[in-house]
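# Secondary and tertiary structure notes
Here are the chains, one letter per residue:
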Amino acid sequence: MTENHHKIIIAIDGHSSCGKSTVAKEVAKKLNYIFIDSGAMYRAVTLYCLRNKIIENGIINFPRLEEDLDKIKVCFKFNPESQHNDIWLNGENVENEIRLLEVSQNVSPVAAVGAVRHLLVALQQEMGKSKGIVMDGRDIGTVVFPDAELKIFMTANPDVRAKRRFDELTAKGESVSYEEIRANIIERDRYDETREESPLRKADDAIVLDNSDMTREEQLIWVLSQVAKN
Ligand code: CDP
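### With respect to the overall build of the protein
Counting secondary structure elements, the protein contains 9 helices and 10 strands. Along the first, second and third principal axes, the C-alpha atoms of the protein reach 50 × 40 × 35 Å. Expressed as a percentage of the 230 residues in the protein, the buried residues total 50%. Pairs at least 24 residues apart make up 72% of the contacts formed inside the protein by residues separated by at least 6 positions. Summed over all atoms, the accessible surface of the protein reaches about 11300 Å², with 50% contributed by carbon and sulfur.

### Points about the environment of Asp-192
Along the chain, Asp-192 falls in helix α8 (residues 178–194). Linking Asp-192 and Asp-139, residues 53 residues apart in sequence, is a C-alpha distance of 9.8 Å.

### Section: the pairing of strand β5 (residues 74–79)
Note that β5 and strand β6 (residues 84–89) share 6 bridges and pair antiparallel. Considered in β6, the bridge of Phe-78 is made with Asn-85. In this structure, the hairpin formed by β5 and β6 is closed by a connection of 4 residues, where Gln-83 is found at a positive phi of approximately 65°.

### Some thoughts on the side chain of Glu-174
Along the polypeptide, Glu-174 turns up in the loop between α7 (158–171) and α8. This buried residue, Glu-174, is left without a salt bridge; Lys-172 holds the nearest opposite charge, at 6.8 Å. From its side chain, Glu-174 meets the backbone nitrogen of Leu-101 in a polar contact 3.3 Å long. Those residues in contact with Glu-174 that sit more than four places away from it in its chain are Arg-99, Leu-100, Leu-101 and Leu-169.

### A word on the sheet that holds β5
Overall, antiparallel pairing links the 3 strands, which are arranged β5-β6-β7 in an open sheet. Single-partner strands in this sheet number two, and they are β5 and β7 (92–93). Its contacts with the sheet put helix α2 (residues 38–51) on β5, β6 and β7, and the angle it makes with β6 is roughly 30°.

### Some remarks on the site of the ligand
Not every one of the 19 residues close to the ligand is listed here, only the nearest: Arg-43, Arg-117, Arg-188, Asp-192 and Arg-195. At 3.2 Å from an oxygen atom of the ligand is found a side-chain nitrogen or oxygen belonging to Lys-20. Arg-138 places a main-chain nitrogen or oxygen 3.2 Å from a nitrogen atom of the ligand. Relative to its free-state accessible area of 540 Å², the ligand is covered by the protein chains to the extent of 98%.

### Section: unusual backbone geometry
Glycine aside, residues mostly have negative phi, and peptide bonds are mostly found in the trans state. Its identity as a non-glycine residue notwithstanding, Asn-32 has a phi of 60°, on the positive side. Judged by its relative accessible area of 46%, Asn-32 is partly exposed. You will see that Gln-83, though not glycine, has its phi angle at about 65°, which is positive. Tracing the backbone shows Gln-83 in the loop between β5 and β6.

### What about the sheet that holds strand β9 (residues 150–155)?
Pairing in this open sheet of 5 strands is parallel, and the strands run β2-β8-β1-β9-β10 from one edge to the other. Among the strands making up the open sheet, the edge pair consists of β2 (34–37) and β10 (207–210). Taking each pair of neighbouring strands and ignoring which way they run, the sheet shows an average axis angle of 20°. With 4 bridges joining them, β2 and strand β8 (residues 133–137) adopt parallel strand pairing. By the bridge assignment, Asp-37 is partnered in β8 with Asp-136.

### Some details on the packing of aromatic side chains
Per the stated rule, a full pass over the model turns up 1 aromatic pair. When the centroid spacing of 6.3 Å and the interplanar angle of 75° are considered together, the rings of Phe-166 and Tyr-178 count as edge-to-face. Pair noted here: Phe-166 is in helix α7 and Tyr-178 is in helix α8, with a separation of 12 residues, a long-range link. Sitting above the plane of the Trp-88 ring, Lys-77 keeps its charged end 3.9 Å from the centroid.

### Quick notes on the environment of Ala-148
Secondary-structure assignment places Ala-148 in the loop between α6 (140–144) and β9. Spatially, the C-alpha atoms of Ala-148 and Gly-114 are 23 Å apart, while their sequence positions differ by 34 residues. If we skip the residues at most four places from it in the chain, Ala-148 touches Ile-9 and Ala-11.

Thresholds applied
Residues numbered from 1 in each chain as written. Predicted model: local features only at pLDDT ≥ 70, side-chain atom pairs only at ≥ 80, totals over all residues. Heavy atoms only, no water. Helix = DSSP H or I, 4+ residues; strand = E, 2+ residues; numbered from the N terminus. Buried < 20%, exposed > 50% of the residue type's maximum accessible area, 1.4 Å probe, protein only. Contact = heavy atoms within 4.5 Å. Areas by Shrake-Rupley, 256 points an atom, 1.4 Å probe, with all protein chains shown as cover. Pairing = 2+ DSSP bridges. Lys, Arg positive; Asp, Glu negative; His and termini not counted. Salt bridge = Lys/Arg side-chain N within 4 Å of Asp/Glu carboxyl O. Polar contact = N/O pair within 3.5 Å; in protein donor to acceptor, adjacent residues only side chain to side chain. Axes fitted to C-alpha atoms, helices over the stretch in contact; angles between N-to-C directions. Near = heavy atom within 4 Å. Phe/Tyr/Trp six-rings, centres within 6.5 Å; stacked < 30°, edge-to-face > 60°. Lys NZ or Arg CZ within 6 Å of the ring centre and 35° of its normal.

Purely geometric numbers; function is a separate question.
Here it is in structure tokens:
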């Protein structure tokens, strides 16, 4: 793949924890594209809600969330150490904190709030203006970039996904149970697929990638071969 290949938008949607960000990051690196993890933006808003007690015991205070929306500033900044864009919330790098299980357990209801989606979708569309972007999420091919040149819908068996997320969190030193993670993945998929606002669904023109039995390298090659067809 060459860098003079005309720049396109690559939209990667799919189920929770199936490695969308991992492959999106690798593809972006290969193509010299910008990678945007849209889920990180929903996670940052959720972290804000948890810190400010807008969510307590899993219950969202909707009026307070809407009232505070214009105080929530999320953006990405390049981290030269990791060579990736980290997510920042109101002037603080929260890249690590947003991955905590407590955030995962509260993010889907926050992501179902229309006003939150409108705010973040507008930011995401702005980021895609000059193309050359790989964005992963739940509604990228359906709502954010319905005209994306390449749309991929990723999925994998829930046990494989839970094992991968368990390994990722335990490697970071978080003490989590496999069962709790598996339950969270299934619950988030259910929530994401059945919500009213931009539910998770495969765009009609998306290609399915089930990576249950694929290595990272195999899936990277698969995605790059799809890009080459453009
Ligand atoms: O990494 P993982 O697949 O577990 O999740 P994520 O991409 O970080 O997204 C976290 C949550 O944000 C999802 O479960 C969705 O509820 C929500 N989300 C969304 O609604 N729309 C997006 N474009 C991205 C994420």
